[in-house]
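Reading the structure
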Amino acid sequence: MEYNTPIAESRNFIVLDRYTKEDQAAETYQTEYQLESELISDLQKQGFEFLPHLNSPEKLLAHVRLQLQALNKVEFSEGEWLRFVETYLDKPSDGIVDKTRKIHDDYINDFVFDDGHLQNIYLVDKKNIARNKVQVIRQFEQRGSQANRYDVTILVNGLPLVQVELKKRGVAIREAFNQVHRYSKESFNTEHSLFKYLQLFVISNGTDTRY
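The rules we used
- Residues numbered from 1 in each chain as written.
- Predicted model: local features only at pLDDT ≥ 70, side-chain atom pairs only at ≥ 80, totals over all residues.
- Heavy atoms only, no water.
- Helix = DSSP H or I, 4+ residues; strand = E, 2+ residues; numbered from the N terminus.
- Buried < 20%, exposed > 50% of the residue type's maximum accessible area, 1.4 Å probe, protein only.
- Contact = heavy atoms within 4.5 Å.
- Areas by Shrake-Rupley, 256 points an atom, 1.4 Å probe, with all protein chains shown as cover.
- Polar contact = N/O pair within 3.5 Å; in protein donor to acceptor, adjacent residues only side chain to side chain.
- Core = buried A, V, L, I, M, F, W, Y, C linked by side-chain atoms within 4.5 Å.
- Pairing = 2+ DSSP bridges.
- Axes fitted to C-alpha atoms, helices over the stretch in contact; angles between N-to-C directions.

**A closer look at the overall build of the chain**
Helix and strand counts for the chain stand at five helices and 10 strands. In the chain, which comprises 211 residues, the proportion classed as buried is 40%. Sequence-distant contacts, at least 24 apart, represent 57% of the contacts inside the chain between residues at least 6 apart. Total accessible area on the chain is roughly 12,900 Å²; 50% of this is exposed by carbon and sulfur atoms.

**Digging into the side chain of D94**
Along the chain, D94 falls in the loop between α3 (78-89) and α4 (96-104). Engagement of the side chain of D94 in a polar contact is seen with the side chain of K99, the distance being 3.4 Å. Not counting the four nearest positions on each side in its chain, D94 is found in contact with Y88, K99, K102 and K196.

**Some details on unusual backbone geometry**
The phi angle of most residues is negative, glycine excepted, and most peptide bonds adopt the trans form. Even without being glycine, K73 reaches a positive phi, approximately 55°. Residue classification places K73 among the exposed residues on the basis of a relative accessible area of 69%. With a phi angle near 65°, H192 is a residue other than glycine that sits in the positive phi range. Summarising the element assignment, H192 is placed in the loop between α5 (173-188) and β9 (200-204).

**Brief notes about the nonpolar core**
F84 and L89 are the most contacted members of the largest nonpolar core, which totals 47 residues. Looking at this core, the elements with two or more residues in it are α1 (32-45), α2 (57-72), α3, β6 (134-143), β7 (147-156), β8 (159-166), α5 and β9. Discounting chain neighbours no more than four positions away, the residues touching L89 are L61, V64, L68, W81, F84, K99, K102, L123, L159, L194 and Y197.

**Some words on the sheet that holds strand β10 (residues 209-210)**
Spatially, the six strands line up as an open sheet ordered β3-β6-β7-β8-β9-β10, and their pairing is mixed. Only two strands of the sheet have a single partner each, and these edge strands are β3 (49-50) and β10. Summarising the sheet, β8 and β9 pair through five bridges and their orientation is parallel. Residue pairing for β9: Q163 is matched across the bridge by F201. Against the sheet, α1 touches β3, β6, β7 and β8, its axis set at about 145° to β6. Together, β6, β7 and β8 form the strand contacts of α2, whose direction differs from that of β6 by roughly 150°.

Written out as structure tokens, the structure is:
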């Protein structure tokens with residue numbers, strides 16, 4: 001870009017010097033929010049849908065219902081959905097291992113609808129993976145022993161399977177690791193938390209990344 005700047009000036013005239021401004025390095029580090037936005041933008045370019053307003057457990061459970069209905073081409077009544085959640089999707093006795101088993105091995109549930117018919121309900125379609133809906137959310141809020149807000153979460157058919165914690169450039173990546181560890185103790189695994197389905201943690205400071 002060209003600029004004109006005065007090098008001499010009087011009441012009657014002004015002498016300008018023309019110059020071309022050279023690109024300069026950014027004077028500040030990229031913020032954590034900017035890093036989140038960049039990641040989400042990259043995911044959107046790869047076909048992920050961004051859901052900016054999905055930020056609470058209640059909204060997440062309602063969203064999972066919509067996604068599983070679409071995947072399985074069914075419509076749950078209120079009573080059927082509650083029964084499906086309590087007996088399979090979020091069974092009270094389930095721990096992290098049980099939820100992991102449901103993603104890897106037990107991802108098909110033989111569900112009996114109120115009218116008596118039996119249908120397989122899939123959490124994921126492993127034969128035709130293109131049928132699975134991939135989405136991304138940010139700043140999900142959940143309370144356990146403490147209230148936490150998670151950076152970026154990747155959903156598959158509405159279920160949170162990948163959690164990404166970010167720190168701005170220049171901050172030690174160990175801080176992101178400590179944050180994930182703290183969330184695991186404080187809120188990821190609280191009662192009725194669908195984040196028990198998480199299969200992968202990613203930590204990054206924009207320069208170094210671990211999973």
